[in-house]
Amino acid sequence: MNKNNLYNLLVILLILNVSCKEAISNDFAGNTNSIDNKVADLLAKMTLEEKIGQMNQYNGFWDVTGPKPAAGDAAKKYDHLKKGYVGSMLNVRGVKEVRAVQKVAVEETRLGIPLIIGFDVIHGYKTLSPIPLAEAASWDLEAIKKSAQVAAKESAAAGINWTFAPMVDISRDARWGRVMEGAGEDPYLGSKIAVARIHGFQGDDLASHETIAACAKHWAGYGFAEAGRDYNTVDIGTSTLNNIIFPPFKAATDAGVKTFMNSFNELNGIPATGNVYLQRDILKGKWGFDGFVVSDWGSMNEMIAHGYAKDRKHAAELSAIAGSDMDMESYAYVDELANLVREGKVKESLIDDAVTRILKVKFELGLFDDPYKYCNEDYEKEVTGSPAIHEAVLDVAKKSIVLLKNENQLLPLKKEGQHIALIGALAADKTSPLGSWRIAADDNTAVSVLEGLQKYTGNKLTYAKGADLAIGKAEFAIELKINTEDTSEFPEAIAAAKKADVVVMVLGEHGFQSGEARSRTDLNLPGVQQELLEAIYKVNKNIVLVLNNGRPLTITWADTHIPAIVEAWHLGTQSGNAIAEVLYGDYNPSGKLPMSFPRHVGQVPIYYNYKNTGRPIIPAPNEVFWSHYIDESNDPLYAFGHGLSYTTFSYSNLVIDKVSNDTFKVSVDVKNTGSVTGKEVVQLYIQDLFASVTRPVKELKGFEMIELSPNKQETIHFNLTKDELGFFNNTGDFVLEPGDFKVYVGGSSKTVLESKFNIE
Ligand code: NOJ
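Residues numbered from 1 in each chain as written. Predicted model: local features only at pLDDT ≥ 70, side-chain atom pairs only at ≥ 80, totals over all residues. Heavy atoms only, no water.

## A short note on the overall build of the chain
Then, number 1: For the chain, the helix and strand inventory stands at 23 helices and 25 strands.
Then, number 2: Its C-alpha radius of gyration of 27 Å places the chain within 12% of the 27 Å reference for a compact globule of 760 residues.
Then, number 3: Principal-axis analysis of the C-alpha atoms places the extent of the chain at approximately 75 × 65 × 45 Å.
Then, number 4: Taken across its 760 residues, the chain has 62% of its residues classed as buried.
Then, number 5: A total accessible area of about 27,600 Å² is found for the chain, and carbon and sulfur atoms account for 49% of it.
Then, number 6: Taking the 77 positively charged and 97 negatively charged side chains of the chain as two groups, their mean positions are separated by 1 Å. (Helix = DSSP H or I, 4+ residues; strand = E, 2+ residues; numbered from the N terminus. Rg over C-alpha atoms; globule rule 2.2 N^0.38 Å. Buried < 20%, exposed > 50% of the residue type's maximum accessible area, 1.4 Å probe, protein only. Areas by Shrake-Rupley, 256 points an atom, 1.4 Å probe, with all protein chains shown as cover. Lys, Arg positive; Asp, Glu negative; His and termini not counted. Charge placed at Lys NZ, Arg CZ, Asp CG, Glu CD.)

## Quick word on the sheet that holds strand S24 (residues 739-746)
Hydrogen bonds between backbone atoms are what pair the strands of a sheet, whose relative direction is either parallel or antiparallel.
Then, number 1: An order of S20-S19-S24-S25 is seen for the 4 strands of this open sheet, with the pairing classed as antiparallel. The sheet is open, and its two borders are formed by strand S20 (699-708) and strand S25 (753-759), each paired with just one other strand. Taking the axes of each pair of neighbouring strands and ignoring which way they run, one obtains an average angle of 20° across the sheet.
Then, number 2: Of the pairings in the sheet, the one linking strand S19 (residues 678-688) to S20 comprises 9 bridges and is antiparallel in character. Note that in S20 the partner of Leu684 across the bridge is Gly702. (Pairing = 2+ DSSP bridges. Axes fitted to C-alpha atoms, helices over the stretch in contact; angles between N-to-C directions.)

## Focus on the packing of helix H3 (residues 35-45) against helix H15 (residues 348-364)
Then, number 1: It is at 9 Å that the axes of H3 and H15 come closest, and there the two elements cross at 125°. As summarised for this structure, H3 and H15 are arranged oblique, according to the angle between their axes. For the element pair H3 and H15, the recorded crossing hand is right-handed. Contact with H3, carried on its side by Ile35, Asp36, Lys38, Val39, Leu42 and Leu43, involves Asp352, Val355, Thr356, Leu359, Lys360, Phe363 and Glu364 of H15 and no other residues of that element.
Then, number 2: Taken together, the residues that form the contact of H3 with H15 break down as 7 nonpolar, 1 polar and 5 charged. (Parallel < 35°, antiparallel > 145°, perpendicular 65-115°, else oblique. Left-handed = near helix turned anticlockwise from the far one by under 90°. Contact = heavy atoms within 4.5 Å. Nonpolar A, V, L, I, M, F, W, Y, C, P; charged D, E, K, R; others polar.)

## Thoughts on the side chain of His123
Then, number 1: Relative to the assigned elements, His123 resides in the loop between strand S3 (116-119) and helix H7 (132-138).
Then, number 2: Given the relative accessible area of 3%, His123 is considered buried.
Then, number 3: Looking at His123, its side chain comes within polar contact range of the main-chain oxygen of Ser436, at 2.7 Å. (Polar contact = N/O pair within 3.5 Å; in protein donor to acceptor, adjacent residues only side chain to side chain.)

## Overview of empty space enclosed by the protein
Then, number 1: Tallied over the full model, the rule gives 6 cavities of 30 Å³ or more.
Then, number 2: Space inside the largest cavity adds up to approximately 110 Å³.
Then, number 3: As for the largest cavity, its lining consists of 14 residues, and the residues nearest its centre are Thr65, Asp120, Asp296, Trp437 and Glu516.
Then, number 4: The residue makeup of the lining of the largest cavity, split by class, is 7 nonpolar, 2 polar and 5 charged.
Then, number 5: The calculated volume of the second largest cavity comes to roughly 90 Å³.
Then, number 6: Every residue lining the second largest cavity is listed: Met46, Glu50, Gln54, Leu81, Gly84, Val86, Ala105, Thr109, Arg110, Leu111, Gly112 and Ile113.
Then, number 7: Among the residues making up the lining of the second largest cavity, the classes are represented as 6 nonpolar, 4 polar and 2 charged. (1 Å grid on protein atoms, 1.4 Å probe; cavity = no way out; pocket = protein on both sides within 12 Å on 5 of 7 lines; lining within 4 Å. Points joined across faces, edges and corners; volume = space filled by probe spheres on them.)

## Concerning the domain arrangement of the chain
Then, number 1: What the domain assignment reports for the chain is domain 1 (396-603) and domain 2 (649-759).
Then, number 2: Measuring from the centre of the C-alpha atoms in domain 1 to the corresponding centre in domain 2 gives 34 Å.
Then, number 3: Taken over both partners, the interface formed by domain 1 and domain 2 buries close to 480 Å², and the fraction arising from carbon and sulfur atoms is 44%.
Then, number 4: Sorting the residues of domain 1 by area buried against domain 2 places Asn588, Ser590 and Lys592 first, and these three jointly supply 83% of that buried surface.
Then, number 5: On the surface where domain 1 and domain 2 come into contact, there are 1 salt bridge.
Then, number 6: In this structure, Lys592 engages Glu680 in a salt bridge whose closest nitrogen and oxygen atoms are separated by 2.9 Å.
Then, number 7: Residues belonging to the side of domain 1 that touches domain 2 are distributed by class as follows: 1 nonpolar, 2 polar and 2 charged. (Domains from an automatic or database assignment. Buried area = accessible area lost by both parts, 1.4 Å probe. Salt bridge = Lys/Arg side-chain N within 4 Å of Asp/Glu carboxyl O.)

## Describing the pairing of strand S17 (residues 649-660)
Then, number 1: Relative to strand S18 (residues 663-672), S17 runs antiparallel, the two being bridged by 9 bridges. Bridge pairing in S18 places Ile656 opposite Val666.
Then, number 2: What sits between S17 and S18 in their antiparallel hairpin is a turn of 2 residues.

## Some words on the pattern of salt bridges
Then, number 1: Tallied over the full model, the rule gives 44 salt bridges.
Then, number 2: A salt bridge links Lys217 to Asp120, with the shortest nitrogen-to-oxygen separation between them at 3.5 Å. Pair noted here: Lys217 is in strand S5 (residues 215-219) and Asp120 is in the loop between S3 and H7, with a separation of 97 residues, a long-range link.
Then, number 3: Exposure remark for Lys217: the relative accessible area of 1% places this residue in the buried category.
Then, number 4: Judged by its relative accessible area of 6%, Asp120 falls in the buried class.
Then, number 5: Measuring nitrogen to oxygen at the nearest pair gives 3.2 Å for the salt bridge that ties Lys742 to Glu754. Residue Lys742 is found in strand S24, and its partner Glu754 is found in strand S25; the two are separated by 12 residues along the sequence.
Then, number 6: In this structure Glu754 comes out as partly exposed when scored by relative accessible area, which is 48%.

## Things to note about helix H8 (residues 141-156)
Then, number 1: For H8, built from 16 residues, the straight-helix expectation of 22 Å at 1.5 Å per residue is met to within 8% by its first-to-last C-alpha distance of 22 Å.
Then, number 2: Listed as buried for H8 are Ala143, Ile144, Ser147, Ala148, Val150, Ala151, Ala152, Glu154, Ser155 and Ala156.
Then, number 3: Contact partners of the buried residues in H8: H7, helix H9 (187-202), helix H16 (377-383) and helix H17 (387-400). (Expected span 1.5 Å × (residues − 1).)

## Some remarks on H17
Then, number 1: Taking 1.5 Å per residue, 14 residues should reach 20 Å; H17 reaches 20 Å between its end C-alpha atoms and fits that length.
Then, number 2: Residues Ile389, Ala392, Val393, Leu394, Val396, Ala397, Lys398, Lys399 and Ser400 constitute the buried set of H17.

## A few points about the packing of aromatic side chains
Then, number 1: Overall, the coordinates contain 28 aromatic pairs when judged by the stated rule.
Then, number 2: Ring geometry for Phe61 and Trp62: centres 5.6 Å apart, planes at 85°, overall edge-to-face. The same class applies to Phe61 as to Trp62, namely buried.
Then, number 3: On the numbers, 6.1 Å between centres and 65° between planes, the contact of Phe597 with Tyr638 is edge-to-face. Placement of the pair is Phe597 in the loop between helix H22 (575-583) and S17 and Tyr638 in the loop between H22 and S17, with a sequence separation of 41 residues.
Then, number 4: Residue classification places Tyr638 among the buried residues on the basis of a relative accessible area of 4%.
Then, number 5: Here the aromatic cluster, defined as three or more aromatic residues joined through ring pairs, consists of Trp139, Tyr188, Tyr608, Phe640, Tyr685 and Phe703.
Then, number 6: Above the face of the Tyr537 ring, Lys541 is positioned so that its terminal group lies 4.3 Å from the ring centre. (Phe/Tyr/Trp six-rings, centres within 6.5 Å; stacked < 30°, edge-to-face > 60°. Lys NZ or Arg CZ within 6 Å of the ring centre and 35° of its normal.)

## Some remarks on the site of the ligand
Then, number 1: Near the ligand you find 13 residues, and of these Thr65, Asp120, Arg178, His218 and Asp296 are the closest.
Then, number 2: Interatomic distance of 2.5 Å between a side-chain N/O atom of Thr65 and an oxygen atom of the ligand.
Then, number 3: When the free accessible area of the ligand is taken as 300 Å², the share hidden by the protein chains comes to 100%.
Then, number 4: Among the detected pockets, the ligand sits in the largest cavity.
Then, number 5: Here the residues of the shell around the ligand are counted per class, giving 6 nonpolar, 2 polar and 5 charged. (Near = heavy atom within 4 Å. Sits in = over half its atoms within 2 Å of the grid points.)

## Notes on the environment of Leu725
Then, number 1: Here Leu725 shows up in helix H23 (residues 722-725).
Then, number 2: Taking relative accessible area as the criterion, Leu725 reaches 2% and is therefore assigned buried.
Then, number 3: Placed 34 residues apart in sequence, Leu725 and Ile759 show a C-alpha to C-alpha distance of 9.8 Å.
Then, number 4: Ignoring sequence-local partners within four residues, the contact set of Leu725 consists of Asp662, Phe664, Ile686, Asp688, Leu720, Leu736, Phe741, Phe757 and Ile759.

Written out as structure tokens, the structure is:
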């Protein structure tokens, strides 16, 4: 049955069933008891099946974001909805759809408990911000928070209560397609961004109609899938788990995130969904998290394929005991859990705990006071795509662009008297810039680079596609590719390039070439784009390469030959405007890479905070036995934290003041040495030179964005305390050990100044 038929069916069923019951939610409206008391009162009225119903989340009747549901599912879901056996739905969106399902839950079930409506508001709802990896490149926590705020407002106006974001998985492997959804490779930056996004989504008042509950995912280790292949096995040692993987999740907990999502992967032999250590011992135990944990799509059932559960009933038992509170699309809880409780295999107290957590969030969202507070079509129309939302997404889009290279100041472009050739299928594409995770956004709603550049009318602009863009039909089509063979349109592009003063080439990945289940073994420009780049270079060397991509790419040839390279990711709805403003210098680029760019895919995983090894990278002359490759350097092409500006900055006068044995003040002078005003992200790294568990060669421990006009200088201050200087040892304790430390400061992880201090 297609989407429309199903919807009609649902509407007809709703109309026929006019006997709306007195909703229990009314009993709680205006009830001044504390939320804990309200939850306890309600829990006492619930049957075991109704409690388990709250732990059941179904995908809606319309879109899917996982393996397709089996035939007959829709009827079963609808029946369960009416019985009160559904606590949440995902992929139900827009006031009309949300109202239809909420009405059943509130007006037809015995207790009238409202649903919590979840959705992947990953980088916006209909109006899209840059993909999260791009936003992370802004290092601008205010802009990132604002972007989450407007995403919350627009999605809440469409009936959504809860986003499955932020994804706070650290990843060092650009082959993994979901690096586009995270904040990159660093736990310190990742933690700051996680907090900013959670504050943006949840605001100060979850009951406001402009905020939604956030979800820290995927707990845990999902970004470390072996060989970058999505859903693959994860094996992580204690030190990496505690110091790299856990910190953004801990920061999310401390920031008050309301929910967690567990992950598809197994971690050291135990699937995350059935993992007692992760969910009970660490998250709900050591960290005291009092929200709820939702499983990932079908991940309870997947424990059978993992070889951890013998059947679905066993999977339900393992998941409930491990602390997975809500089942997304496994049907395991709704079908099996009541029997498991009756058989004494799962204690009812565990069910009560899970339901208490879920109901609490529903109360906090204000759903019991007004389950339809998110369901106003006029308001939905007014908010969706409002000018204020476009303004916020344009702002963060500009800030997310990273200038990777700019030889001979080819950029910014002159505004008059130039002939510019714009080349590349992606340059005119109005869908690809939306990026992956854009379920609610319509195709062709992004501003293309062509449209952005057309607004600058002082130059002559000629567009040629160069290579066709062939993509699969559906969002989740597997064979997405940018034309692998056809070079028939090269001549037109070459002719345009010959006549131009400057060539702007927009190349990279289509929006759906990164994201979930979009792993790659090759990080080069897909299809014939490299060939096109080289063909154009033969006739005109004045090339500005604008990259559109959801992951670091190996653009090593381009770095050697192309004078100007701009990393423009997938920037969302305002993409073309943001890129045009940067190319023409109306916005001076300020982004810095949140992930290292490899020179070759064989270097992956590559990251700046590596360990020194016993045979470090600086070899003795003529020595062969050191940790290196014989065919490529160890260095990345572009380091973590790298990003240029149209001006330049100098660093001097690094001073360390000891305040106490474990507290230091660091200051450094930064000066704008160029000719235009610009922003710089001043970065501070430390190195603990020897410790009971070896420490990385560098760890980011502070950053600050400053804006300086030409010749202006500012002194930047950082504090280093136990929080920044300590680490987790292998028994999970946070320790600060005496010894020598180094401090490094600069505009990237390839820092320019260093100094030392000692802790006694
Ligand atoms: C699977 C993804 O792993 C998860 O991140 C997402 O939130 C759910 N599907 C729901 O779409």
